[in-house]
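Working through the structure, step by step
Here are the chains, one letter per residue:
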Amino acid sequence: MQSIQVDNISKRFGSLEVLKNVTIDLKQGEFAAIVGPSGCGKSTVLRMIAGLDTPTEGHVTANQKPIKDPDPSRVLIFQEHALYPWRTVEKNVGFGLELAGVPKQKRKEKVGELLEKVGLGGFQTYYPHQLSGGMRQRASIARALAMEPEVLLLDEPFGALDAITKITMQNELLRLWEGSGKTVLLITHDIDEAIYLADTIHVMSPRPGQIVETVRSTIPRPRNRNGADFVQVREKIMAHLDLTK
Ligand SMILES: Nc1ncnc2c1ncn2[C@@H]1O[C@H](COP(=O)(O)OP(=O)(O)OP(=O)(O)O)[C@@H](O)[C@H]1O
Ligand SMILES: [Mg+2]
């Protein structure tokens, strides 16, 4: 299992300064979130932890070792789900296992179990266009879980979902995470989603993105979105995002 350190990183794309002195510590098994305005560099941070990009200054490490390349132990679920339209659900979810050389029968069993877990049992032979948006998102989560990642990096995974599916998916994600030892970092525009799910919430400033505050919450689960402690954390985050005016 892994802890992740984003150690005082800065990132520039040419003359564009995107991130400035960003430090984020993710303890093993922690559920953390990042909230911040559009364009402040959130996806860029996630891509660096996934090994898809490197900082201009500073270091990103996993268990004290520099992250240089993507690794199957750390999976990134993209802002837009990316299922292959020409592959069935079963073949999409089993794609990584196929690449890893897992035999067909074993793959089928494992994919079947995962689909049950995300509520897609029986949809093996469906193609992405035959699924609802929420089901597609669940299939892409199942595909990520198939790799048995230690670190789950989620970039606005529920952004495009309707309110009801979103709540169901949030609860499913919590169930998958609880007791798993997996380290989760979730990016979201939805402040309540961050508070409902995460124990640590990093609030970022507009670009160049900096961490303006790290809010820790100890609200007991299941969390009541209207509870006094919930509202208090929300107000704190809103103040740091400068949204209270
Ligand atoms: N490969 C790249 N080359 C040049 N600029 C980039 C690249 N990737 C990101 N950027 C720039 O970096 C800034 C931050 O982008 P990023 O995608 O990290 O923002 P974000 O916080 O995830 O925004 P959103 O909430 O809208 O998804 C943007 O101004 C973007 O144009
Ligand atoms: Mg983004």
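Since the model is a prediction, treat every value here as computed from it, not as a measurement.

We now examine the domain arrangement of the chain. Entries for the chain in the domain assignment read domain 1 (1-73 + 149-245) and domain 2 (82-147). Look at where the C-alpha atoms of domain 1 and domain 2 centre, and you get two points 26 Å apart. On the side of domain 2, 10 residues touch domain 1, which itself brings 11 residues to the contact. Summing both partners gives a buried area of about 880 Å² for domain 1 against domain 2, and 78% of it is carried by carbon and sulfur. When the area that domain 1 buries against domain 2 is broken down by residue, the three leading residues are Pro149, Met169 and Leu176, summing to 45%. For the pair domain 1 and domain 2, the interface holds zero salt bridges. If you look at where domain 1 meets domain 2, you find one residue pair in polar contact (both at pLDDT 80 or more).

As for its placement among the helices and strands, arginine 107 is situated in helix α4 (residues 104-117). The side chain of arginine 107 sits in the buried core without any salt bridge; glutamate 98 is the nearest counter-charge, 4.1 Å away. Ignoring sequence-local partners within four residues, the contact set of arginine 107 consists of Gly94, Leu97, Glu98 and Val102.

Turning our attention to unusual backbone geometry. With an omega of -5°, the peptide bond running from arginine 207 to proline 208 counts as cis. The residue proline 208 is located in the loop between β9 (200-204) and β10 (211-216) in this model. The omega angle of the peptide bond from arginine 221 to proline 222 is 0°, so this bond is cis rather than trans. With respect to the helices, strands and loops of the structure, proline 222 is situated in the loop between β10 and α8 (228-240).

Quick look at the site of ligand 1 now. The environment of ligand 1 is formed by 13 residues, the closest being Ser38, Gly39, Lys42, Ser43 and Thr44. In the environment of ligand 1, an oxygen atom lies 3.2 Å from a nitrogen or oxygen atom belonging to the backbone of cysteine 40. In the environment of ligand 1, an oxygen atom lies 2.7 Å from a nitrogen or oxygen atom belonging to the side chain of lysine 42. Protein contacts shield 62% of the accessible area of ligand 1, which totals 640 Å² for the unbound molecule. Among the elements of the structure, β2 (16-26) and α1 (42-49) are those that each provide at least two residues to the shell around ligand 1. Element by element, the count of residues in the shell around ligand 1 is highest for α1, at three residues. Residue composition of the shell around ligand 1, by class: four nonpolar, seven polar and two charged.

Here we take up helix α6 (residues 163-177). In this model, α6 (15 residues) spans 21 Å end to end at C-alpha, consistent with the 21 Å of a helix rising 1.5 Å per residue. Measuring from the side-chain oxygen of the N-cap residue of α6 to the backbone nitrogen of isoleucine 164 gives 3.1 Å; that N-cap residue is aspartate 162. Where α6 ends, the next residue or the one after it, glycine 179, has phi of about 75°, a positive value.

Here we take up α1. Burial of α1 is extensive: six of the eight residues sit out of reach of the surface. Three or more residues of α1 are buried, namely Lys42, Thr44, Val45, Leu46, Met48 and Ile49. Downstream of α1 by one or two residues, glycine 51 has phi in the positive range, about 80°.

Let us now look at the environment of aspartate 199. Tracing the backbone shows aspartate 199 in the loop between α7 (191-197) and β9. Taking the C-alpha atoms as reference points, aspartate 199 and threonine 218, 19 residues apart in sequence, are found 6.4 Å from one another. Engagement of the side chain of aspartate 199 in a polar contact is seen with the side chain of arginine 223, the distance being 2.6 Å.

This part covers the sheet that holds strand β8 (residues 183-187). Taken in spatial order, the six strands make up an open sheet running β6-β7-β8-β3-β9-β10, and their pairing is mixed. The sheet is open, and its two edges are formed by β6 (74-77) and β10, each paired on a single side. The average undirected angle you get between the axes of adjacent strands in this sheet is 15°. In the sheet, strand β3 (residues 31-35) pairs with β9 via four bridges, with the strands oriented parallel. Each residue of the ladder has a partner; that of isoleucine 34, found in β9, is histidine 202.

Thresholds, definitions, all that
Residues numbered from 1 in each chain as written. Chains lettered and ligands numbered in written order. Predicted model: local features only at pLDDT ≥ 70, side-chain atom pairs only at ≥ 80, totals over all residues. Heavy atoms only, no water. Domains from an automatic or database assignment. Contact = heavy atoms within 4.5 Å. Buried area = accessible area lost by both parts, 1.4 Å probe. Salt bridge = Lys/Arg side-chain N within 4 Å of Asp/Glu carboxyl O. Polar contact = N/O pair within 3.5 Å; in protein donor to acceptor, adjacent residues only side chain to side chain. Helix = DSSP H or I, 4+ residues; strand = E, 2+ residues; numbered from the N terminus. Buried < 20%, exposed > 50% of the residue type's maximum accessible area, 1.4 Å probe, protein only. Lys, Arg positive; Asp, Glu negative; His and termini not counted. Near = heavy atom within 4 Å. Areas by Shrake-Rupley, 256 points an atom, 1.4 Å probe, with all protein chains shown as cover. Nonpolar A, V, L, I, M, F, W, Y, C, P; charged D, E, K, R; others polar. Expected span 1.5 Å × (residues − 1). Pairing = 2+ DSSP bridges. Axes fitted to C-alpha atoms, helices over the stretch in contact; angles between N-to-C directions.

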